[in-house]
Amino acid sequence: MQKQIIPSKMAIFGHPIHPQLVHFPVALLLSVVLTDILYIWSEDFFWARAGIWLAGAGALGAWVAGIVGMLDLVLVPAIRRLITAWSHAILAVMLISVASLNWLSRIAAPDEAIWPWGMYLSVLSALLIASAAFLGGILVYDHGVGVTQDKLAPPREQ
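Here we summarise the structure given alongside this text. (Residues numbered from 1 in each chain as written. Predicted model: local features only at pLDDT ≥ 70, side-chain atom pairs only at ≥ 80, totals over all residues. Heavy atoms only, no water.)

### Here we look at the side chain of S100
Cut-off, in case you're wondering: The helix count covers DSSP runs of H or I at least four residues long, the strand count covers runs of E at least two residues long, and both are numbered beginning at the N terminus. Per-residue accessibility, obtained with a 1.4 Å probe over protein chains only, is compared with the maximum for each type, and a residue is labelled buried under 20%, exposed over 50%, and partly exposed between these values. Contact definition: two residues touch when any of their heavy atoms are within 4.5 Å.
Looking at where S100 falls in the secondary structure, it is placed in helix 5 (residues 83-106). A residue is classified by how much of its surface remains accessible, and S100, at 12% relative accessible area, is buried. Setting aside residues up to four positions removed in sequence, S100 forms contacts with A59 and W63.

### Observations concerning helix 2 (residues 23-42)
In an α-helix, one turn spans 3.6 residues; hence positions three or four apart end up facing the same way. Stated formally: One fewer than the residue count of a helix, multiplied by 1.5 Å, yields its expected span. Comment: arc refers to directions from the helix axis out to C-beta atoms.
An ideal rise of 1.5 Å per residue puts 28 Å on 20 residues; helix 2 measures up with 28 Å between its terminal C-alpha atoms. Among the residues making up helix 2, those that are buried are P25, L29, V32, V33, T35, D36 and Y39. Seen end-on, helix 2 carries its buried residues on one side only, within an arc spanning 170°. Opposite its buried face, helix 2 presents the exposed residues H23, F24, L34 and W41, each directed more than 90 degrees away. Where helix 2 is buried, its residues meet helix 1 (17-21), helix 3 (45-75), helix 5 and helix 6 (114-141). Just past helix 2, the residue E43 takes up positive phi, approximately 60°.

### Quick word on unusual backbone geometry
Omega for the bond connecting W115 with P116 falls within 30 degrees of zero, at 0°, which places this linkage in the cis form. Topologically, P116 is positioned in helix 6. Of note in this structure, F13 is not a glycine but carries a positive phi near 50°. You will see that E43, though not glycine, has its phi angle at about 60°, which is positive. Inspection of the secondary structure puts E43 in the loop between helix 2 and helix 3.

Printed below as a string of structure tokens:
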């Protein structure tokens, strides 16, 4: 059985841009959880400062990746018809909002913002990342979103 494919409009030489852009914001935002824990444990201002930079770069990177992903959602009718795509987009908007709030709340006093609300927002961001990533995987592996014909493995014999 041939798998359905839904090529991305936001692609370079057949490679979708959105999946290329999400890795850095994901890594940066997940690292904020670690810097928050290390600050709470050590009370070293270095970790608060590192956290604000990670939160800011992660939030800004998430905005860029989110805009590219939203363009694919809007420009490709086959993607718009998928409930999973809308669910992924809603979780991504929630994530970008939480990550942006987390970053902005730290600007005035990075160390004072960490406990309890900064930590809560960091962990909430991590949970939203996991949920959105799970749905993103379903979009690629189950629905063939962003996959091109020449990248598909041949069907296996049963």
